[in-house]
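One-letter residues, chain by chain:
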Amino acid sequence: MRTDQPKVIHLKDYKAPDYLIDETHLTFELHEDHTMVHTQLVMRRNPERAGESADVALPPLMLDGQELELVSLFLDDIELTRTDFVLDDSHLTLQPTAERFVVDSSVRIHPELNTALEGLYKSGKMFCTQCEAEGFRKITYYLDRPDVMSRFTTTVSGEQERYPVLLSNGNPIASGTDESGRHWATWEDPFKKPAYLFALVAGDLWCVEDSFTTMSGRSVALRIYVDPENIDKCQHAMDSLKKSMKWDEEVYGREYDLDIFMIVAVNDFNMGAMENKGLNIFNSSAVLAKAETATDAAHQRVEAIVAHEYFHNWSGNRVTCRDWFQLSLKEGFTVFRDAEFSADMNSRTVKRIEDVAYLRTHQFAEDAGPMAHSIRPDSFIEISNFYTLTIYEKGSEVLRMIHTLVGAEGFRRGSDLYFDRHDGQAVTCDDFVKAMEDANGVDLTQFKRWYSQAGTPRLDISEQYDEAAARYALTFRQSCPPTPGQAEKLPFVIPVELGLLGAGGREIPLRLEGEDSASGLNRVLSVTDPEQTFVFVDVTEKPLPSLLRGFSAPVKWSFPYTRDQLMFLMQHDTDGFNRWDAGQQLSVQVLQGVIDQHQQGAVMQLDTRLVDAFAHVLADTSLDQAMVAEMLSLPSEAYLTEVAQVADPDAIHAAREYARRFLAGALFDVLWKRYAENRAISKATPYRAEANEIARRSLQNIALSYLMLEGQEQVVAACLDQFDDSDNMTEKLSVMAVLVNSPFEEARADALRRFADTFKDNPLVMDQWFSVQAGSPLPGGLDRVKALMEHPAFTVKNPNKVRALIGAFANQNLVNFHQKDGSGYRFLADQVITLNALNPQIASRLLAPLTRWRKYDDARQSLMRGELERILASGSLSSDVYEVVSKSLA
Ligand code: B3K
Ligand code: ZN
């Protein structure tokens with residue numbers, strides 16, 4: 001917990017370190033009531049900095065360290081006494097006397113009491129670590145910054161019986177047994193790395209083993225370690241790992257570099273997973289998956305996260321970040337890499353739809369809120385608060401734009417140059433962009449504003465058609481709203497991929513004024529000015545433009561489409577993503593009309609063109625079933641909130657539910673047909689987590705969710721049959737989700753009870769059980785959540801449980817969370833205050849919905865602000881919570 005005033009750290013203050021650590025030798029003695037950490041640092045003055053202070057004395061050495069009990073300290077074998085060094089809450093400062101020296105320290109720490117899950121801690125009976133970003137300083141005194149890269153040797157000693165498995169980074173080089181039941185193992189990592197990539201695991205674990213032969217013919221041992229009861233749930237992660245290794249060789253030419261690659265699954269983990277060198281530590285929810293216990297979405301999430309962490313071995317570990325302002329260098333790049341991997345393994349269009357829907361709903365909201373920051377922020381108080389959708393997802397979009405501008409081959413040339421040039425270094429986003437420029441002979445100076453400017457740009461597009469001259473002009477106007485600390489923005493480079501559709505959907509060859517001939521039916525324009533017009537010639541009929549295909553830039557764009565034109569694009573666009581997007585735009589327009597009606601107390605009426613559009617989608621057998629499922633999904637309440645001027649959660653919910661019911665009634669027969677045929681196949685074939693099967697189940701289950709709104713007996717019966725007679729969690733859980741939202745109280749209670757009986761010992765499945773209930777919009781949501789917090793399977797100490805119950809309630813159950821009496825806000829603030837003391841990172845993340853207060857009416861605004869003020873006044877706040885609350889109230 002913070003005792004001093006929180007300090008703001010600025011990128012402009014970056015200085016290279018005064019000292020370097022060539023070697024780090026660690027010894028851990030694990031005990032039940034404490035752990036001893038002995039550290040030997042082989043250090044020298046940083047030649048890069050030495051020149052600056054030329055002949056002056058050596059600067060003091062300031063090591064980071066928090067919550068450590070210093071037991072002994074030696075400088076070059078001479079023990080230092082209390083007058084030889086200065087110790088405070090966060091540093092140990094001593095005075096070196098030579099250019100090269102060795103520091104030996106011993107500290108006592110208490111992983112058994114660590115509830116923040118940062119540093120060394122216990123998850124169940126197992127010891128594990130999480131060091132990124134600044135957790136290593138809770139393990140030992142160190143230069144805990146990513147530009148200090150060192151060679152690590154680690155010895156772990158513990159009781160043989162309790163901790164038969166002892167792991168750390170790199171390769172195992174020695175092991176043995178000690179006195180009375182203890183044993184030890186030594187690991188050596190030949191690659192120098194920053195401390196944030198350090199890892200240690202000790203426990204009674206079983207492992208699944210496999211191997212991979214790399215492109216140069218080396219055999220790598222692959223191991224996934226889990227609690228014994230989970231040994232049957234590792235195969236999907238192992239398959240995903242092998243696919244990732246192969247993909248990175250094929251697409252990026254990157255080979256794995258150690259003899260062994262390990263994944264360990266732990267139950268208590270603050271995020272998804274961590275890319276520690278050679279020893280990835282995963283939230284068990286991101287590893288374990290089998291048909292009976294994990295949904296299709298969970299299988300796909302495991303595949304993506306395994307790939308993401310594996311890809312970090314190059315984008316993050318071999319080439320790392322100079323400082324934490326450069327976080328997107330590794331995260332944006334690695335998200336882009338994992339997104340392309342998932343697109344190659346599954347349906348590319350569907351993956352793009354999911355990612356864009358997520359970005360537009362959640363990252364756009366972050367960009368419009370008090371914590372808005374660019375993908376390379378200028379300052380922060382607590383770096384843990386900057387593992388954001390902006391750094392990750394928008395960072396990935398920025399790389400995707402570079403990919404679009406230089407092309408796939410150009411991008412590969414750039415990444416090759418980047419990896420070759422900077423292997424073993426800690427570098428900046430500028431270094432990355434420079435490699436892309438140098439490899440392709442392009443100038444990305446203006447493009448780089450995406451790295452420094454926050455906020456979501458707007459792009460308003462209009463058309464002018466001159467039939468007589470066969471000229472068609474598109475005018476683009478860009479702007480970007482102010483964000484905290486950035487009132488004015490300079491124009492961005494916005495790649496606009498587009499096509500022009502003629503009658504019947506025919507694509508018109510694209511020739512810009514001044515060009516000799518047409519080139520292609522689809523092309524990318526670069527919009528660089530505040531206002532810019534592009535004129536196409538030889539356009540003999542008035543076209544309909546298909547704009548920002550594949551969401552070619554992370555902007556809010558508009559074009560004055562009529563509803564009929566959107567329906568036309570839904571059916572005829574050759575770009576699958578834009579077919580979906582046209583449907584979303586149509587749905588938003590129609591739903592906003594119904595929201596207005598509800599607010600004015602008028603009778604709600606749906607524009608039946610939406611019904612026609614959905615009917616077309618359902619009738620189009622050429623469409624991938626996953627696409628049909630996506631196109632049948634109305635924009636979420638969260639997205640409707642994002643696009644509203646002033647969000648009215650009650651009206652949004654009422655309008656969307658009204659539309660769903662209307663669609664269900666009008667399309668009942670065809671929905672039933674698509675449901676029944678797919679359900680029959682599910683019933684007759686064993687579960688497989690493959691793209692076309694996943695697609696089939698998506699359609700089956702979205703159809704079911706519509707059908708249940710009609711409440712006919714045949715549907716309820718089908719629903720219960722699917723619940724009882726299914727070999728997989730996807731089918732079971734979708735029944736649970738529709739039942740908890742349905743009026744059939746008895747069936748609901750029965751299904752909930754039977755589900756909990758069956759899965760009470762599986763914490764990940766129970767998370768799903770909590771989540772579907774937390775998300776139910778039926779009245780009384782808060783009381784249900786409070787009651788569930790008393791359930792024996794719930795604990796506020798486990799981040800997955802907090803996310804499944806409290807997080808799902810505040811983020812997905814908007815109509816209950818935003819109750820006008822402020823009870824939802826009060827509840828969330830109470831949880832944040834409790835968690836602030838236990839786990840600041842989770843507390844600070846949980847806060848996000850309250851920070852969005854500007855989106856709501858005056859009454860809600862003041863209630864939400866009131867809760868933020870209450871948190872601020874609640875006592876000793878962690879820097880994590882302090883930063884988010886204080887910026888939200890500013
Ligand atoms: N690099 C880690 C995130 C660490 C978060 C620390 N608060 C996981 C990932 O992005 O792969
Ligand atoms: Zn990452």
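Residues numbered from 1 in each chain as written. Chains lettered and ligands numbered in written order. Predicted model: local features only at pLDDT ≥ 70, side-chain atom pairs only at ≥ 80, totals over all residues. Heavy atoms only, no water.

The next subject is the overall build of the protein. In terms of helices and strands, the protein carries 28 helices and 31 strands. Once the C-alpha set of the protein is aligned to its principal axes, its extents read approximately 85 × 70 × 60 Å. The buried share among the 890 residues of the protein stands at 59%. If you average the places of the 90 positive and of the 131 negative side-chain charges in the protein, the two averages end up 2 Å apart. (Helix = DSSP H or I, 4+ residues; strand = E, 2+ residues; numbered from the N terminus. Buried < 20%, exposed > 50% of the residue type's maximum accessible area, 1.4 Å probe, protein only. Lys, Arg positive; Asp, Glu negative; His and termini not counted. Charge placed at Lys NZ, Arg CZ, Asp CG, Glu CD.)

If you check the shell around ligand 1, you find 13 residues, and the closest are E132, A273, E275, E309 and Y392. A distance of 2.8 Å separates a nitrogen atom of ligand 1 from a polar side-chain atom of E275. Contact with the protein chains hides 95% of the accessible area of ligand 1, taken as 340 Å² for the molecule alone. Those elements that place two or more of their residues in the shell around ligand 1 are β20 (273–274), α3 (296–311) and α4 (327–345). Its residues assigned to classes, the shell around ligand 1 shows five nonpolar, three polar and five charged. Summarising the domain contributions, the shell around ligand 1 has at least three residues from each of domain 2 (205–286) and domain 3 (319–556). (Near = heavy atom within 4 Å. Polar contact = N/O pair within 3.5 Å; in protein donor to acceptor, adjacent residues only side chain to side chain. Areas by Shrake-Rupley, 256 points an atom, 1.4 Å probe, with all protein chains shown as cover. Nonpolar A, V, L, I, M, F, W, Y, C, P; charged D, E, K, R; others polar. Domains from an automatic or database assignment.)

A few words on the coordination of the zinc ion (ligand 2). Distances from the zinc ion (ligand 2) to its protein donors, H308 (NE2), H312 (NE2) and E331 (OE), fall within 1.9 to 2.1 Å. On the basis of relative accessible area, H308 is assigned to the buried category, the value being 8%. (Donors = N, O, S within 2.8 Å, 3.2 Å for Na, K, Ca; no water.)

Orientation of helix α21 (residues 781–789) relative to helix α24 (residues 823–838), taken along the N-to-C sense of each, is 25 degrees, at an axis distance of 10 Å. By the angle between their directions, the pair α21 and α24 is classed as roughly parallel. Facing α21, whose interface residues are L782, V785, K786 and M789, α24 presents S823, G824, F827 and Q831. (Axes fitted to C-alpha atoms, helices over the stretch in contact; angles between N-to-C directions. Parallel < 35°, antiparallel > 145°, perpendicular 65-115°, else oblique. Contact = heavy atoms within 4.5 Å.)

Here we take up the UniProt feature "domain: Peptidase M1 alanyl aminopeptidase Ig-like fold" (unreviewed entry) in the protein. UniProt's feature table lists "domain: Peptidase M1 alanyl aminopeptidase Ig-like fold" (unreviewed entry) at residues 455–558, given in the numbering used throughout. Counting secondary structure, residues 455–558 comes out at 0% helix and 41% strand; the distance between its end C-alpha atoms is 17 Å. (UniProt positions renumbered as here; feature names shortened; annotations may be inferred.)

The next point concerns the packing of helix α14 (residues 649–666) against helix α16 (residues 691–710). Following both chains from N to C, one finds α14 and α16 inclined at 90 degrees, their axes separated by 8 Å at the closest point. Between α14 and α16, the crossing angle belongs to the class labelled roughly perpendicular. Contacts from E657, R660, R661, L663, A664 and G665 in α14 reach S705, Y706, L709 and E710 in α16. Class assignment of the residues belonging to the contact of α14 with α16 gives a composition of four nonpolar, two polar and four charged.

If you check the domain split of the protein, you get domain 1 (1–50 + 57–204), domain 2 (205–286), domain 3 (319–556) and domain 4 (576–889). Listed per partner, the contact involves 10 residues of domain 2 and 11 residues of domain 4. Overall, the association of domain 2 and domain 4 removes approximately 680 Å² of surface from exposure, summing both partners, and the carbon and sulfur fraction of that is 37%. Taken as a group, N267, D268 and N270 account for 55% of the area that domain 2 buries against domain 4, more than any other trio of residues on that side. At the boundary of domain 2 with domain 4, the tally comes to zero salt bridges. The tally of links from domain 2 across to domain 4 stands at seven residue pairs in polar contact (both at pLDDT 80 or more). Among the residues forming the side of domain 2 that touches domain 4, the class breakdown is two nonpolar, six polar and two charged. (Buried area = accessible area lost by both parts, 1.4 Å probe. Salt bridge = Lys/Arg side-chain N within 4 Å of Asp/Glu carboxyl O.)

Before going further, it helps to spend a moment on the sheet that holds strand β26 (residues 471–479). Paired through their backbone hydrogen bonds, the strands of a sheet run either parallel or antiparallel. Strand order in this open sheet of four strands is β29-β26-β25-β31, and the pairing throughout is mixed. Whereas interior strands pair on both sides, the edge strands pair on one side only; in this sheet they are β29 (531–536) and β31 (556–558). When strand polarity is set aside, the average angle formed by the axes of neighbouring strands in this sheet is 20 degrees. Pairing between strand β25 (residues 458–466) and β31: three bridges, direction parallel. Bridging across to β31, L459 finds its partner in W557. (Pairing = 2+ DSSP bridges.)

Turning to helix α20 (residues 763–774), a few remarks are in order. Relative to the 16 Å expected for 12 residues at 1.5 Å per residue, α20 spans 16 Å between its end C-alpha atoms, a close match to the ideal helical length. With nine of 12 residues buried, α20 lies mostly within the body of the structure. Turning to α20, its buried residues are L764, V765, M766, D767, W769, F770, V772, Q773 and A774. In this fold, the buried residues of α20 make contact with α18 (729–740), α19 (745–759), α21 and α22 (799–812). (Expected span 1.5 Å × (residues − 1).)

A few words now on unusual backbone geometry. A133 follows E132 through a cis peptide bond whose omega is 0 degrees. Residue placement: A133 occurs in the loop between β11 (126–130) and β12 (150–159). One non-glycine residue, D76, lies in the positive phi region at around 45 degrees. Structurally, D76 can be placed in the loop between β5 (69–75) and β6 (78–79). Located in the positive-phi region is F551, a residue other than glycine, with phi close to 55 degrees. On the secondary structure map, F551 appears in the loop between β30 (544–546) and β31.

To continue, consider the side chain of D257. Here D257 is to be found in the loop between α2 (235–252) and β19 (260–266). Exposure remark for D257: the relative accessible area of 14% places this residue in the buried category. Within the structure, D257 has its side chain in polar contact with the side chain of K277 (distance 2.7 Å). At 2.8 Å, the side chain of D257 forms a polar contact with the side chain of R318.

Pairs of aromatic rings are described using the distance from one ring centre to the other and the angle between the two planes. For the coordinates displayed, the defined rule picks out 44 aromatic pairs. With a centroid separation of 6.0 Å and 25 degrees between ring planes, the pair formed by F152 and F198 is classed as stacked. Taken together, the positions of F152 in strand β12 and F198 in the loop between β15 (182–193) and β16 (200–203) put the pair 46 residues apart, joining distant regions of the chain. Comparing F152 with F198 shows no difference in burial state: the two are buried. Arranged with centres 5.9 Å apart and planes meeting at 50 degrees, the rings of W247 and Y252 form a pair that is tilted. Each of the two residues, W247 as well as Y252, counts as buried. Cation over ring: R337 sits above F333, and NZ or CZ is 5.4 Å from the ring centre. (Phe/Tyr/Trp six-rings, centres within 6.5 Å; stacked < 30°, edge-to-face > 60°. Lys NZ or Arg CZ within 6 Å of the ring centre and 35° of its normal.)

Mapped onto this numbering, the UniProt entry annotates "domain: Aminopeptidase N-like N-terminal" (unreviewed entry) at residues 107–197. What you have in residues 107–197 is 0% helix and 51% strand, and the ends, taken at the C-alpha atoms, are 20 Å apart.

Along the chain, the position of D64 falls in strand β4 (residues 61–64). For D64, a relative accessible area of 11% translates into the label buried. Within polar-contact distance, the side chain of D64 engages the backbone nitrogen of D144 at 2.9 Å. Apart from the residues lying within four places of it in its own chain, the contact partners of D64 are S90, H91, R137, T140, Y141, Y142, L143 and D144.

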